[in-house]
Amino acid sequence: MKLILFLVLFFFIQTIIAQKDSLLNKINFEADFRFRAEQDWNSKRADGSFRDDRSRLRYRARIGLTYTSQEKYFVGFRMRTGERRKQQDPQLTLGTSPAEFGTLAIGLEKAYFEYKHKGLRLLLGKNTFPFLKNNELFWSDNVFPEGVYVGKKHSFKKKFLKEISIGAGHFIVEASGGSLDKDSYLSAFQTSISALDNKITLFPSFYQFKNINNVPDGEGTYRLNYSIAHLGGKWSSNKKLFFEFDIYQNLADYTKNDSISKLLNNQKNGYTASIGYGELKHKKNWFFKLTYAYLERYSAVDFVAQNDWARWEYSNFNSPDGRLTNLQGSEWVLSYMLEDNIKLTTKFYQVEQIVAVASSKETNIRIRFDIDIAF
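Along each chain, residues carry numbers from 1 onward, in the same order as the chain's sequence is written. Two thresholds apply to this predicted model, a pLDDT of at least 70 for residue-level local features and 80 or more for giving and counting side-chain atom pairs, whereas whole-chain, interface and lining totals are computed over all residues. With hydrogens and water set aside, each side-chain value is computed from the structure's full complement of heavy atoms.

A.B. asks: Can you explain unusual backbone geometry? Please cite residues and give values.
C.D. replies: You will see that Glu71, though not glycine, has its phi angle at about 65°, which is positive. Only runs of H or I of at least four residues qualify as helices and only runs of E of at least two qualify as strands under DSSP, and these elements are numbered from the N terminus. Mapped onto the elements, Glu71 comes out in the loop between strand S2 (54-69) and strand S3 (73-81). The backbone phi angle of Phe101 is positive, close to 60°, even though this residue is not glycine. Structurally, the position occupied by Phe101 is in the loop between strand S4 (92-93) and strand S5 (106-117).

A.B. asks: Can you explain the pairing of strand S1 (residues 27-41)? Please cite residues and give values.
C.D. replies: Of the pairings in the sheet, the one linking S1 to S2 comprises 14 bridges and is antiparallel in character. Opposite Ile27, over in S2, you have Tyr67 as the bridge partner. DSSP bridges decide pairing: two strands pair if at least two such bridges lie between them. Note: S1 against strand S17 (residues 363-374), 10 bridges, orientation antiparallel. In the strand pairing of S17, Phe35 is matched with Ile371.

A.B. asks: Explain the environment of Glu136 to me, using residue names and the numbers behind them.
C.D. replies: With respect to the helices, strands and loops of the structure, Glu136 is situated in the loop between strand S6 (120-126) and strand S7 (146-155). Between the alpha carbons of Glu136 and Glu38 there is a distance of 19 Å; along the sequence they are 98 residues apart. Contacts: residue pairs with any heavy atoms within 4.5 Å of one another. Every residue in contact with Glu136, bar those within four places of it in the chain, is listed here: Asp141, Asn142, Ala305, Gln306 and Asp308. The definition of a polar contact used here is a pair of N or O atoms within 3.5 Å, where within protein one atom must be able to donate a hydrogen and the other to accept one, and adjacent residues in sequence count solely through side-chain atom pairs. Within polar-contact distance, the side chain of Glu136 engages the side chain of Ser140 at 3.4 Å. Of the polar contacts made by the side chain of Glu136, one reaches the backbone nitrogen of Asp141; its length is 2.8 Å.

Here's what the structure looks like:
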(Lines give C-alpha, C1' and ligand atoms only; values in the text may rest on other atoms or scores of the structure.)
Protein backbone atom coordinates (compact mmCIF):
# COMPACT_ATOMS: atom_id res chain seq x y z
CA MET A 1 0.00 0.00 0.00
CA LYS A 2 2.83 2.40 0.89
CA LEU A 3 4.51 1.58 -2.40
CA ILE A 4 1.32 2.42 -4.30
CA LEU A 5 0.94 5.73 -2.43
CA PHE A 6 4.58 6.56 -3.13
CA LEU A 7 4.15 5.83 -6.84
CA VAL A 8 0.96 7.94 -7.01
CA LEU A 9 2.69 10.82 -5.22
CA PHE A 10 5.76 10.49 -7.47
CA PHE A 11 3.73 10.63 -10.68
CA PHE A 12 1.65 13.53 -9.30
CA ILE A 13 4.82 15.56 -8.58
CA GLN A 14 6.26 14.69 -11.97
CA THR A 15 3.03 15.84 -13.64
CA ILE A 16 3.17 19.21 -11.82
CA ILE A 17 6.84 19.66 -12.77
CA ALA A 18 6.10 18.78 -16.40
CA GLN A 19 3.19 21.22 -16.51
CA LYS A 20 5.36 23.92 -14.94
CA ASP A 21 8.13 23.34 -17.49
CA SER A 22 5.56 23.36 -20.30
CA LEU A 23 4.13 26.67 -19.07
CA LEU A 24 7.57 28.26 -18.73
CA ASN A 25 8.44 27.15 -22.26
CA LYS A 26 5.47 29.16 -23.50
CA ILE A 27 6.52 32.37 -21.74
CA ASN A 28 9.16 34.67 -23.18
CA PHE A 29 10.59 37.24 -20.76
CA GLU A 30 12.23 40.48 -21.93
CA ALA A 31 14.00 43.27 -20.11
CA ASP A 32 16.29 46.15 -21.05
CA PHE A 33 17.98 49.14 -19.50
CA ARG A 34 19.22 52.40 -21.04
CA PHE A 35 21.50 55.05 -19.60
CA ARG A 36 21.81 58.37 -21.45
CA ALA A 37 23.92 61.53 -21.27
CA GLU A 38 22.49 64.48 -23.18
CA GLN A 39 23.47 68.09 -23.91
CA ASP A 40 21.32 70.84 -25.50
CA TRP A 41 22.48 74.26 -26.66
CA ASN A 42 21.59 77.06 -29.09
CA SER A 43 17.91 76.55 -28.26
CA LYS A 44 16.12 79.71 -29.36
CA ARG A 45 12.53 80.47 -28.36
CA ALA A 46 9.87 81.95 -30.64
CA ASP A 47 10.37 85.38 -29.05
CA GLY A 48 14.07 85.42 -29.95
CA SER A 49 15.39 84.70 -26.45
CA PHE A 50 17.47 81.60 -25.74
CA ARG A 51 16.71 78.76 -23.38
CA ASP A 52 19.48 77.95 -20.93
CA ASP A 53 21.90 75.25 -22.10
CA ARG A 54 20.88 71.95 -20.54
CA SER A 55 22.79 68.84 -19.45
CA ARG A 56 20.90 65.75 -18.37
CA LEU A 57 21.64 62.23 -17.20
CA ARG A 58 18.70 59.95 -17.94
CA TYR A 59 17.64 56.30 -17.78
CA ARG A 60 14.91 53.92 -18.87
CA ALA A 61 13.98 50.43 -17.66
CA ARG A 62 11.48 48.03 -19.23
CA ILE A 63 10.34 44.51 -18.40
CA GLY A 64 7.71 42.38 -20.08
CA LEU A 65 6.53 38.91 -21.00
CA THR A 66 4.70 37.21 -23.84
CA TYR A 67 2.69 34.00 -23.47
CA THR A 68 2.45 31.88 -26.63
CA SER A 69 -0.08 29.10 -27.26
CA GLN A 70 -0.02 26.79 -30.28
CA GLU A 71 2.50 29.15 -31.95
CA LYS A 72 -0.31 31.43 -33.09
CA TYR A 73 -1.96 32.92 -30.00
CA PHE A 74 -0.05 35.55 -28.02
CA VAL A 75 -0.79 37.57 -24.90
CA GLY A 76 1.74 40.20 -23.88
CA PHE A 77 2.44 42.83 -21.23
CA ARG A 78 5.28 45.29 -20.70
CA MET A 79 6.05 47.78 -17.94
CA ARG A 80 8.30 50.84 -18.30
CA THR A 81 9.56 53.85 -16.46
CA GLY A 82 8.26 57.25 -17.56
CA GLU A 83 5.82 60.00 -16.68
CA ARG A 84 2.25 58.86 -17.36
CA ARG A 85 1.39 62.14 -19.15
CA LYS A 86 4.43 61.94 -21.42
CA GLN A 87 3.73 59.09 -23.83
CA GLN A 88 6.59 60.03 -26.18
CA ASP A 89 9.34 59.69 -23.59
CA PRO A 90 9.92 56.76 -21.18
CA GLN A 91 13.25 58.19 -19.98
CA LEU A 92 13.54 59.62 -16.47
CA THR A 93 16.06 62.34 -15.58
CA LEU A 94 18.30 61.82 -12.57
CA GLY A 95 17.34 64.21 -9.82
CA THR A 96 13.82 65.06 -11.01
CA SER A 97 11.92 62.29 -9.22
CA PRO A 98 10.22 63.19 -5.91
CA ALA A 99 12.63 64.73 -3.41
CA GLU A 100 14.82 62.69 -1.06
CA PHE A 101 15.10 59.84 -3.60
CA GLY A 102 11.39 59.11 -3.79
CA THR A 103 9.79 56.33 -5.82
CA LEU A 104 9.75 56.37 -9.62
CA ALA A 105 7.02 56.85 -12.21
CA ILE A 106 6.21 53.46 -13.77
CA GLY A 107 3.38 52.45 -16.11
CA LEU A 108 2.04 49.61 -18.25
CA GLU A 109 2.88 50.45 -21.86
CA LYS A 110 1.66 47.25 -23.57
CA ALA A 111 -1.25 44.89 -22.90
CA TYR A 112 -2.52 42.95 -25.90
CA PHE A 113 -3.81 39.77 -27.53
CA GLU A 114 -2.43 38.77 -30.91
CA TYR A 115 -3.28 36.02 -33.43
CA LYS A 116 -0.86 35.16 -36.24
CA HIS A 117 -1.43 32.28 -38.66
CA LYS A 118 -0.70 31.72 -42.35
CA GLY A 119 0.01 35.39 -43.00
CA LEU A 120 -3.05 36.65 -41.10
CA ARG A 121 -2.52 38.94 -38.12
CA LEU A 122 -5.15 40.13 -35.65
CA LEU A 123 -4.15 42.52 -32.88
CA LEU A 124 -6.36 43.64 -29.98
CA GLY A 125 -5.45 45.98 -27.13
CA LYS A 126 -2.44 48.26 -26.63
CA ASN A 127 0.70 47.41 -28.58
CA THR A 128 3.40 48.79 -30.87
CA PHE A 129 2.45 50.79 -33.97
CA PRO A 130 1.62 47.96 -36.43
CA PHE A 131 2.39 49.77 -39.70
CA LEU A 132 5.72 49.88 -41.51
CA LYS A 133 7.78 53.03 -40.96
CA ASN A 134 11.37 54.14 -41.55
CA ASN A 135 11.80 56.32 -38.47
CA GLU A 136 9.96 57.99 -35.59
CA LEU A 137 9.31 61.33 -37.28
CA PHE A 138 5.64 60.49 -37.90
CA TRP A 139 5.03 58.08 -35.01
CA SER A 140 7.27 57.57 -31.97
CA ASP A 141 8.38 54.06 -30.99
CA ASN A 142 7.36 54.99 -27.44
CA VAL A 143 3.70 55.66 -28.31
CA PHE A 144 1.54 52.51 -28.12
CA PRO A 145 -1.89 52.90 -29.78
CA GLU A 146 -4.96 51.19 -28.33
CA GLY A 147 -7.37 49.53 -30.72
CA VAL A 148 -7.89 46.83 -33.33
CA TYR A 149 -5.63 45.88 -36.25
CA VAL A 150 -6.06 43.26 -39.00
CA GLY A 151 -3.41 42.44 -41.58
CA LYS A 152 -2.73 39.83 -44.26
CA LYS A 153 0.61 38.95 -45.81
CA HIS A 154 1.18 36.91 -48.95
CA SER A 155 4.60 35.69 -50.11
CA PHE A 156 5.64 34.79 -53.63
CA LYS A 157 8.36 32.47 -54.87
CA LYS A 158 9.09 34.75 -57.79
CA LYS A 159 12.43 36.53 -57.84
CA PHE A 160 10.99 39.95 -58.66
CA LEU A 161 7.88 40.14 -56.45
CA LYS A 162 8.54 38.69 -52.99
CA GLU A 163 5.71 39.84 -50.72
CA ILE A 164 2.53 41.89 -50.59
CA SER A 165 0.75 42.77 -47.38
CA ILE A 166 -2.24 44.89 -46.44
CA GLY A 167 -3.31 46.10 -43.02
CA ALA A 168 -5.97 48.29 -41.46
CA GLY A 169 -6.62 49.48 -37.95
CA HIS A 170 -8.82 51.64 -35.75
CA PHE A 171 -7.24 53.18 -32.64
CA ILE A 172 -8.94 55.34 -30.02
CA VAL A 173 -6.97 58.37 -28.85
CA GLU A 174 -9.59 59.62 -26.39
CA ALA A 175 -12.96 57.98 -25.73
CA SER A 176 -15.94 60.35 -25.69
CA GLY A 177 -18.23 58.14 -23.63
CA GLY A 178 -20.73 58.23 -26.52
CA SER A 179 -20.78 56.65 -29.97
CA LEU A 180 -17.51 55.65 -31.64
CA ASP A 181 -17.71 58.43 -34.23
CA LYS A 182 -17.55 61.00 -31.41
CA ASP A 183 -14.25 59.62 -30.12
CA SER A 184 -10.88 61.12 -30.88
CA TYR A 185 -9.42 58.35 -33.05
CA LEU A 186 -7.08 57.18 -35.80
CA SER A 187 -8.18 54.94 -38.67
CA ALA A 188 -5.39 53.78 -40.94
CA PHE A 189 -4.70 51.60 -43.97
CA GLN A 190 -1.40 50.46 -45.47
CA THR A 191 -0.20 48.30 -48.34
CA SER A 192 3.41 47.17 -48.58
CA ILE A 193 5.19 45.60 -51.53
CA SER A 194 8.63 43.94 -51.42
CA ALA A 195 10.52 43.13 -54.61
CA LEU A 196 13.95 42.12 -55.95
CA ASP A 197 14.72 39.71 -53.10
CA ASN A 198 13.42 42.28 -50.60
CA LYS A 199 15.94 44.90 -51.72
CA ILE A 200 13.08 47.31 -52.51
CA THR A 201 10.10 47.95 -50.26
CA LEU A 202 7.30 50.46 -50.88
CA PHE A 203 4.50 51.12 -48.41
CA PRO A 204 1.78 53.61 -49.35
CA SER A 205 -0.47 54.46 -46.38
CA PHE A 206 -3.42 56.60 -45.40
CA TYR A 207 -4.00 57.95 -41.87
CA GLN A 208 -7.31 59.51 -40.89
CA PHE A 209 -7.19 61.33 -37.53
CA LYS A 210 -10.56 62.57 -36.27
CA ASN A 211 -11.51 64.96 -33.46
CA ILE A 212 -7.90 65.50 -32.37
CA ASN A 213 -7.21 68.20 -29.75
CA ASN A 214 -4.95 70.99 -30.96
CA VAL A 215 -3.05 70.66 -27.65
CA PRO A 216 -2.53 67.38 -25.74
CA ASP A 217 -3.43 66.46 -22.15
CA GLY A 218 -6.82 68.14 -22.11
CA GLU A 219 -5.57 71.67 -22.69
CA GLY A 220 -6.94 72.01 -26.24
CA THR A 221 -9.34 74.76 -27.30
CA TYR A 222 -10.51 73.21 -30.58
CA ARG A 223 -10.33 69.92 -32.48
CA LEU A 224 -8.82 69.02 -35.84
CA ASN A 225 -9.11 66.33 -38.48
CA TYR A 226 -6.07 65.10 -40.39
CA SER A 227 -6.20 63.12 -43.66
CA ILE A 228 -2.59 62.18 -44.30
CA ALA A 229 -1.47 60.31 -47.41
CA HIS A 230 1.97 58.76 -47.02
CA LEU A 231 4.40 57.04 -49.37
CA GLY A 232 7.39 55.38 -47.75
CA GLY A 233 10.13 53.32 -49.30
CA LYS A 234 13.47 51.65 -48.73
CA TRP A 235 16.23 50.28 -50.95
CA SER A 236 19.00 48.13 -49.50
CA SER A 237 22.02 46.42 -51.02
CA ASN A 238 23.63 43.13 -50.12
CA LYS A 239 26.49 45.12 -48.56
CA LYS A 240 24.42 46.76 -45.77
CA LEU A 241 24.00 50.06 -47.59
CA PHE A 242 20.44 51.44 -47.63
CA PHE A 243 18.37 54.47 -48.60
CA GLU A 244 14.98 55.45 -47.14
CA PHE A 245 12.40 58.10 -47.93
CA ASP A 246 8.97 59.30 -46.76
CA ILE A 247 6.54 61.75 -48.36
CA TYR A 248 3.54 63.09 -46.40
CA GLN A 249 0.60 65.16 -47.60
CA ASN A 250 -2.28 66.20 -45.37
CA LEU A 251 -5.38 66.52 -47.58
CA ALA A 252 -7.50 68.31 -44.95
CA ASP A 253 -8.52 71.93 -45.61
CA TYR A 254 -7.74 74.36 -42.78
CA THR A 255 -8.21 77.62 -44.67
CA LYS A 256 -11.68 78.12 -43.18
CA ASN A 257 -10.61 77.31 -39.64
CA ASP A 258 -10.36 80.67 -37.86
CA SER A 259 -8.46 79.08 -34.95
CA ILE A 260 -5.44 78.33 -37.18
CA SER A 261 -3.05 81.10 -38.13
CA LYS A 262 -2.90 81.99 -41.83
CA LEU A 263 0.84 81.46 -41.56
CA LEU A 264 0.24 77.78 -40.86
CA ASN A 265 -3.10 76.77 -42.42
CA ASN A 266 -1.41 75.52 -45.60
CA GLN A 267 1.60 73.93 -43.88
CA LYS A 268 0.56 70.32 -44.50
CA ASN A 269 3.36 68.55 -46.37
CA GLY A 270 6.59 66.86 -45.37
CA TYR A 271 9.34 64.52 -46.41
CA THR A 272 12.32 62.66 -44.97
CA ALA A 273 15.38 61.11 -46.63
CA SER A 274 18.01 58.83 -45.09
CA ILE A 275 21.19 57.04 -46.02
CA GLY A 276 22.70 54.38 -43.80
CA TYR A 277 25.21 51.57 -43.61
CA GLY A 278 25.74 48.61 -41.31
CA GLU A 279 23.75 46.38 -38.99
CA LEU A 280 23.40 45.74 -35.25
CA LYS A 281 23.02 42.00 -34.74
CA HIS A 282 26.19 40.78 -33.06
CA LYS A 283 29.29 41.88 -31.15
CA LYS A 284 31.51 44.35 -33.05
CA ASN A 285 28.73 45.24 -35.54
CA TRP A 286 28.45 48.96 -36.28
CA PHE A 287 25.83 51.17 -37.88
CA PHE A 288 25.64 54.68 -39.34
CA LYS A 289 22.61 56.68 -40.48
CA LEU A 290 22.02 60.25 -41.62
CA THR A 291 18.44 61.55 -41.85
CA TYR A 292 17.16 64.87 -43.16
CA ALA A 293 13.60 65.90 -42.31
CA TYR A 294 11.32 68.67 -43.54
CA LEU A 295 7.97 68.45 -41.75
CA GLU A 296 5.44 71.26 -41.99
CA ARG A 297 3.13 71.99 -39.07
CA TYR A 298 0.24 69.68 -40.01
CA SER A 299 2.14 66.93 -41.84
CA ALA A 300 1.84 64.83 -38.65
CA VAL A 301 0.21 64.93 -35.21
CA ASP A 302 3.16 66.31 -33.28
CA PHE A 303 2.39 64.85 -29.85
CA VAL A 304 2.44 61.23 -31.06
CA ALA A 305 5.55 61.76 -33.22
CA GLN A 306 9.08 61.66 -31.81
CA ASN A 307 10.28 64.26 -29.32
CA ASP A 308 14.00 63.47 -29.70
CA TRP A 309 15.22 66.10 -32.13
CA ALA A 310 14.68 69.23 -30.02
CA ARG A 311 13.40 70.47 -26.66
CA TRP A 312 10.25 72.08 -28.09
CA GLU A 313 7.22 71.17 -26.01
CA TYR A 314 3.74 72.24 -24.88
CA SER A 315 4.88 73.38 -21.44
CA ASN A 316 3.09 76.74 -21.89
CA PHE A 317 -0.15 74.71 -22.05
CA ASN A 318 0.57 72.60 -18.95
CA SER A 319 1.62 69.58 -21.05
CA PRO A 320 5.03 67.84 -21.11
CA ASP A 321 4.52 66.50 -24.65
CA GLY A 322 6.78 67.45 -27.54
CA ARG A 323 5.66 69.49 -30.59
CA LEU A 324 8.15 68.46 -33.23
CA THR A 325 6.57 69.39 -36.51
CA ASN A 326 7.16 72.71 -38.29
CA LEU A 327 10.84 71.74 -38.36
CA GLN A 328 13.67 71.08 -40.74
CA GLY A 329 16.96 69.54 -39.75
CA SER A 330 19.19 66.50 -39.56
CA GLU A 331 19.97 63.54 -37.34
CA TRP A 332 23.36 61.76 -37.34
CA VAL A 333 23.50 58.31 -35.71
CA LEU A 334 26.52 56.09 -35.01
CA SER A 335 26.10 52.81 -33.09
CA TYR A 336 28.44 49.99 -32.08
CA MET A 337 27.69 46.59 -30.52
CA LEU A 338 30.08 46.22 -27.59
CA GLU A 339 28.58 42.79 -26.83
CA ASP A 340 25.70 40.87 -28.36
CA ASN A 341 23.42 42.54 -25.81
CA ILE A 342 25.17 45.90 -25.24
CA LYS A 343 24.87 48.75 -27.74
CA LEU A 344 26.62 52.12 -27.67
CA THR A 345 25.01 54.98 -29.64
CA THR A 346 25.82 58.60 -30.37
CA LYS A 347 23.18 60.90 -31.91
CA PHE A 348 23.56 64.49 -33.05
CA TYR A 349 20.62 66.76 -33.98
CA GLN A 350 20.43 70.24 -35.50
CA VAL A 351 16.99 71.73 -36.23
CA GLU A 352 15.25 74.99 -37.12
CA GLN A 353 11.60 75.98 -37.46
CA ILE A 354 10.19 76.27 -40.99
CA VAL A 355 7.70 79.05 -40.23
CA ALA A 356 8.20 81.48 -37.34
CA VAL A 357 5.01 81.74 -35.27
CA ALA A 358 6.32 84.87 -33.49
CA SER A 359 9.32 87.13 -34.01
CA SER A 360 11.95 84.39 -34.47
CA LYS A 361 12.34 80.84 -35.69
CA GLU A 362 13.01 78.33 -32.92
CA THR A 363 16.27 76.37 -33.08
CA ASN A 364 18.02 73.59 -31.17
CA ILE A 365 21.25 71.60 -31.19
CA ARG A 366 21.47 68.35 -29.21
CA ILE A 367 23.93 65.50 -28.72
CA ARG A 368 23.26 62.19 -26.97
CA PHE A 369 25.29 59.22 -25.76
CA ASP A 370 23.30 56.04 -25.01
CA ILE A 371 24.19 52.68 -23.48
CA ASP A 372 21.48 50.08 -24.15
CA ILE A 373 21.61 46.71 -22.36
CA ALA A 374 19.18 43.90 -23.21
CA PHE A 375 18.59 40.85 -21.02
